[in-house]
Amino acid sequence: MKEKMLSQEQKEEIHTLWDELADFGADRAEVACRHLQSRLCHMSGAFNSTWDGSICLGTKPGCHDPFEGWRIPVTQLLYPIESPSNSGAFKEIHELWNRGVDADPHFMLAMHGVGRFRAYGLRRDMPPEWFDSPFYRSHFARFGIMDSVWIGFPINADAESHFGFHSHALFTDQDVELLSYALRGIKWFHRQLMIIQGSMIAKASLTPTERKVLRLLLTKASEKEISEQLGLAVSTTHQHVVSLFRKFSVRSRAGLMSLWLSDSGNR
């Protein structure tokens with residue numbers, strides 16, 4: 001990857017950011033993600049950012065799926081966006097994606113180069129006439145988004161991590177280079193985000209409560225302390241713990257912790 005547009009000062013700032021991410025700890029992966037999004041928004045001039053954990057569920061015989069089985073079970077928006085539907089602009093887009101039908105042309109940008117590290121964006125890749133479409137006006141222009149750029153990171157054959165950045169102005173080639181460089185060197189972090197959401201290793205999706213319990217299981221908190229922090233009965237907390245062990249195919253807390261310390265997430 002070319003890095004000639006980045007100054008040494010910019011690289012050092014990114015290296016410092018990588019060090020900061022490593023200091024958060026696995027139990028604070030979502031907080032670390034917001035820190036990363038916020039810092040990269042500041043560096044690139046974006047006003048908002050999204051993170052999508054994407055997994056391939058496969059396709060049924062005879063079923064036409066423009067996304068070839070790829071779905072987005074989890075997403076994280078840095079700053080809320082008001083929407084008349086009360087679901088948010090990007091949530092509306094994700095719901096359309098997960099239906100797998102009537103795909104707007106811009107959805108297919110993510111499908112180009114699946115399995116490879118890549119950068120793709122609205123102004124970089126969409127034809128000029130698309131910006132006159134009802135979809136662009138309804139889902140982007142209405143919220144002040146002039147340009148969006150995404151960085152796709154393949155974790156394994158069935159999982160990818162995508163960070164999106166959204167701006168009131170056009171992204172420059174240097175902006176895209178900076179974002180690509182910052183996100184290319186932290187595979188461990190992309191993988192950690194997918195695991196904490198249960199999207200890469202778990203046999204089934206995690207419930208919101210299970211995700212809260214999981215984050216605390218990665219600390220030294222006992223089940224009783226987890227119950228107190230979450231306002232749950234100890235028996236209920238234990239049921240969630242057992243469910244997490246089953247979903248992650250482990251028998252103990254130590255086995256769960258080992259997922260963050262090994263490459264067992266590679267299928």
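Just so you know, these numbers come straight off a predicted model, no measurement behind them.

Conventions and cut-offs
- Residues numbered from 1 in each chain as written.
- Predicted model: local features only at pLDDT ≥ 70, side-chain atom pairs only at ≥ 80, totals over all residues.
- Heavy atoms only, no water.
- Phe/Tyr/Trp six-rings, centres within 6.5 Å; stacked < 30°, edge-to-face > 60°.
- Helix = DSSP H or I, 4+ residues; strand = E, 2+ residues; numbered from the N terminus.
- Buried < 20%, exposed > 50% of the residue type's maximum accessible area, 1.4 Å probe, protein only.
- Lys NZ or Arg CZ within 6 Å of the ring centre and 35° of its normal.
- pLDDT = per-residue confidence, 0-100.
- Contact = heavy atoms within 4.5 Å.
- Axes fitted to C-alpha atoms, helices over the stretch in contact; angles between N-to-C directions.
- Parallel < 35°, antiparallel > 145°, perpendicular 65-115°, else oblique.
- Left-handed = near helix turned anticlockwise from the far one by under 90°.
- Nonpolar A, V, L, I, M, F, W, Y, C, P; charged D, E, K, R; others polar.

**Q** Explain the packing of aromatic side chains to me, please; I cannot follow it from the model alone.
**A** When we look at a pair of aromatic rings, we describe it by the centre distance and by the angle of the planes. In this structure the tally under the stated criterion is 11 aromatic pairs. Between W130 and F140 the ring centres are 6.0 Å apart and the planes differ by 65 degrees, which places this aromatic pair in the edge-to-face class. In this pair, W130 sits in the loop between α4 (122–125) and α5 (134–139) while F140 sits in the loop between α5 and β4 (147–156), placing the two residues 10 residues apart along the sequence. This pair shows no difference in class: W130 is buried, exactly as F140 is. Residues Y136 and F140 carry aromatic rings whose centres are separated by 6.2 Å and whose planes lie at 15 degrees to one another, so their mutual orientation is stacked. The same class applies to Y136 as to F140, namely buried. An aromatic cluster is defined as three or more aromatic residues linked by ring pairs; in this entry it consists of W130, F131, Y136 and F140. When the ring centre of F131 is taken as origin, the NZ or CZ atom of R123, which lies over that ring, is 3.7 Å away. Seen from the ring of F117, R184 lies directly overhead, with NZ or CZ sitting 5.0 Å from the centre.

**Q** Explanation requested: the confidence of the model for the chain in the structure shown.
**A** For any part of a model where pLDDT is low, the fine detail of the predicted coordinates should not be relied upon. Chain-level pLDDT for the chain is 84 on average; 84% of the residues reach the 70-or-more range. Every residue in residues 83–87 is under pLDDT 50, and counting partners more than four places away or in other chains gives eight contacts. Across residues 263–267, confidence stays below pLDDT 50; counting only partners more than four residues off in sequence or on other chains, it has 14 contacts.

**Q** Would you explain the packing of helix α2 (residues 29–44) against helix α7 (residues 187–196) in this entry?
**A** In a pair of packed helices, the angle between the axes and the distance between the axes together describe the arrangement. Two numbers describe how α2 lies on α7: the axes approach to 10 Å, and their chain directions differ by 135 degrees. Classed by the angle they form, the pair α2 and α7 counts as oblique. Where α2 crosses over α7, the handedness of that crossing is left-handed. In contact with A29, A32, C33 and L36 of α2, α7 contributes F189, Q192, L193 and I196. Its residues assigned to classes, the contact of α2 with α7 shows seven nonpolar, one polar and no charged.

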